[in-house]
Structures are given as structure tokens and as C-alpha cells.
Amino acid sequence: MAILVTGGTGYIGSHTCVELLNSGYEVVVIDNLVNSKMEVVDIIKSITKKDFKFYQGDLLDIDIIEKIFNENHIDAVIHFAGLKAVGESVSIPLRYYHNNITGTLNLCNVMNKHNCKKLVFSSSATVYGVPKSVPIKEDFPLSTTNPYGSTKLMIEDILRDLYVSDNEWSIALLRYFNPIGAHSSGLIGDNPNGIPNNLMPYITQVAIGKLESLGVFGDDYDTHDGTGVRDYIHVVDLSKGHLKAVEKVIKEKGVNAYNLGTGTGYSVLDIVKAFEKSTGVKVNYKIMPRRAGDIAECYADPTKAKEELGWEAVLDIEQMCKDSWDFAKKNFK
């Protein structure tokens, strides 16, 4: 069974490819390498001892999507590809709307043409906007506080409308929270091009001396220590959630949303302390103004994913920090 993974050399995509290959799936990857590196292709192959097809290209180019579907029998798609930085989306919203939405429309049009109607979509907890309470359930009201989140919510709406128009589609909307950690080999992890937008790669780059200090955006939120609280999930747990979602869309038609998180909220300073405890390395940080579009608290109620997908997170915060640090020591110069 062949799974097309868009954005498959990115942070979550690469870990998911490893889990897919290790579970016996055939994998085809497309990535434009805007926020990842070509070497990840060979690293995935070395970890799994398995080969797969890789296409360097962009979902904005419908011809390369057509080429992939003409050259391969694709059974289902896991769709990660997209721009993903909240702050950047506030600065350049048009690029985010064009890239994320147009790319998805191109993908779905080609899938429809080739009668491939099984899709796992990489959504986000940002679709809950400022949640009415925590933990967050899938039936909470949906809204957004930034253009990145808006693209995710618009795509969810598009996919729901697609299913209404054609009940042959089977779609899982995976709303995940804050992935951190790295593969136990230390060979793949969160290694963004340029200055990191996410917390853990920033912490590890400070810890290794590549960056001077961590900017903590806001210490006046209504949380236990004033810093933002999020649900941090190990990327390997998250990747395994995608395999469970693939099994679901292959078996059943419909469109369903699932939270992928641990159900536990940690503040930015909680993560800093956990990292220092698990690695023995001090992390310098300084308090900065709040970022546009950020919210105080966001953590999941993952009950639905456990009940309907048979999935739950098992790796703890210390393991997330340890694996992140092991990856940083091998990869950050």
C-alpha cells in the first residue's frame, strides 16, 4: 500500500515516513525543501534500511502532483506540506494563504481525478483560537488568531465541504499541539533553516552555544508562572498517530477531527527547567514582549483519538528533552 507524504522531509513528516516504512508501507515523498534538507531523504533510508521515491517539488505546481500520481499508484495521502510559522504569517499573510490553501486545492483536485480519496491532513490546535476552556475537545468552537491558523481552519472547511459533495472521501483532520523531541537515533529532529520559530529547537541551539539566549515571549499571561502554557508531544508519538489515522481512513469513509496531544500543559519556563534537569545544561533566557497571535493556554483532551484511533501519547517530557538534546549535539554546529 503506497502512501504519498507531502512535506515528507520536514520535522514531523520525516518521523512519520520512518514509522510508515517500519510498518511495511510503501512511501512516496514530495517536498520543496524550503524548510528542510535533502540529506533527510538518505537519513530516513539509513534508519529504516528501506528505499522510497522522492520528488523535489511544490504543491503550487500541479504538474508535479500529476506526475507523481501518473507514476505511482497512491492509496492514501498524508498532507504535511505548508508554511507553519505563526509570527511570520502575521507579517506575510498573503504568502501563507496562497501557499497553504492553493497547494491543498491542487492536491485534492489531482487526488480526485485519480480516484484517491483517502487523506490525513496536518491541521493544528490553532483552529481553536482562544479556547473557552482547557482541556480542549474537538467539538469546541473554531476560530483563529493569526493567518497561519486561518489557513488550517479554511482547509478543514474545504475538506468538510469536499466530503459533503462526495461521500466516497475519507478524511482525518489531525489537530496537533506542540511537537518536540527527536528520533532515538539522533539522526532526525527539528532542524529548521534559519532562526527557529519553535521553542525546543531554540532551547537546544542556545544550550549548544549557537544562539545567545532564548526569548520568552510574555511573562504576564494568566498562567501559573506568567508564561504561555502548551501541550508538548513527542514527535514519535505524534507520528504514530498518523499511522493510526491512515488505518482509519483506509477502513472507513467520513471526515473526522482528532486532537493529538498528551492532555498535559507545560509553560515555557516548565520546559526550560525540564530541559535543564534532563540534560544538566543551563539555558539562558530573557523575557520579551508577547508575540502577536499567541494565547495563554492551549492543551488537549485526547480522549477521542484514544477511543476511535486506538492512539495515545506515551513518551514523557523528560524523554522529549533528552531526545531533543541528543539530536542537537549530533547536528548543531
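Since the model is a prediction, treat every value here as computed from it, not as a measurement. (Residues numbered from 1 in each chain as written. Predicted model: local features only at pLDDT ≥ 70, side-chain atom pairs only at ≥ 80, totals over all residues. Heavy atoms only, no water.)

(A) Spotlight on the pairing of strand S6 (residues 170-176). Taken across its seven residues, S6 has seven buried, putting it largely inside the fold. Side chains of S6 alternate between two faces, with Ser-170, Ala-172, Leu-174 and Tyr-176 and Ile-171, Leu-173 and Arg-175 buried alike. Handedness of the β-α-β unit built from strand S5 (residues 118-124), helix H6 (residues 147-165) and S6 comes out right-handed. In this structure, S6 lies alongside strand S11 (residues 254-260), joined through seven bridges in parallel fashion. Across the sheet, the residue bridging to Arg-175 is Asn-259, located in S11. (Buried < 20%, exposed > 50% of the residue type's maximum accessible area, 1.4 Å probe, protein only. Helix = DSSP H or I, 4+ residues; strand = E, 2+ residues; numbered from the N terminus. Right-handed = clockwise from strand over helix to strand, strands pointing away. Pairing = 2+ DSSP bridges.)

(B) Quick peek at the side chain of Glu-66. Tracing the chain through its elements places Glu-66 in helix H3 (residues 62-71). A relative accessible area of 15% means that Glu-66 is categorised as buried.

(C) Structural detail: the sheet that holds strand S4 (residues 76-79). Strand order in the open sheet made by the seven strands is S3-S2-S1-S4-S5-S6-S11, with parallel pairing throughout. Sheet topology places strand S3 (53-56) and S11 at the edges, where each strand pairs with a single neighbour. Pairs of neighbouring strands in the sheet enclose a mean axial angle of 15°, with direction left out of account. Both strand S1 (residues 2-6) and S4 contribute to a ladder of four bridges, which runs parallel. The partner of Leu-4 across the bridge, within S4, is Val-77. (Axes fitted to C-alpha atoms, helices over the stretch in contact; angles between N-to-C directions.)

(D) Spatial organisation of the packing of aromatic side chains. This structure, assessed with the given rule, holds one aromatic pair. Ring centres 5.7 Å apart and planes at 85° place the aromatic pair Phe-275 and Trp-325 in the edge-to-face group. Remark: Trp-325 occurs in helix H11 (residues 317-331) and Phe-275 occurs in helix H9 (residues 268-279); sequence separation between them is 50 residues. The pair Phe-275 / Trp-325 is uniform in exposure class, with both members buried. A cation over an aromatic ring shows up here: Lys-45 above the ring of Phe-52, its NZ or CZ 5.3 Å from the ring centre. Geometry around Tyr-258 places Lys-304 over its ring, the cationic atom sitting 5.0 Å from the centre. (Phe/Tyr/Trp six-rings, centres within 6.5 Å; stacked < 30°, edge-to-face > 60°. Lys NZ or Arg CZ within 6 Å of the ring centre and 35° of its normal.)

(E) The pattern of salt bridges, seen in detail. On inspection of all chains with the given rule, the structure shows 16 salt bridges. Close ionic contact of Arg-291 with Asp-294 constitutes a salt bridge, the shortest N to O distance being 2.8 Å. Here Arg-291 falls in the partly exposed class, since its relative accessible area comes to 34%. Among the charged side chains, a network of salt bridges with common partners joins Glu-156, Asp-157, Arg-160 and Arg-175. (Salt bridge = Lys/Arg side-chain N within 4 Å of Asp/Glu carboxyl O.)

That is the geometry; function is a separate question.
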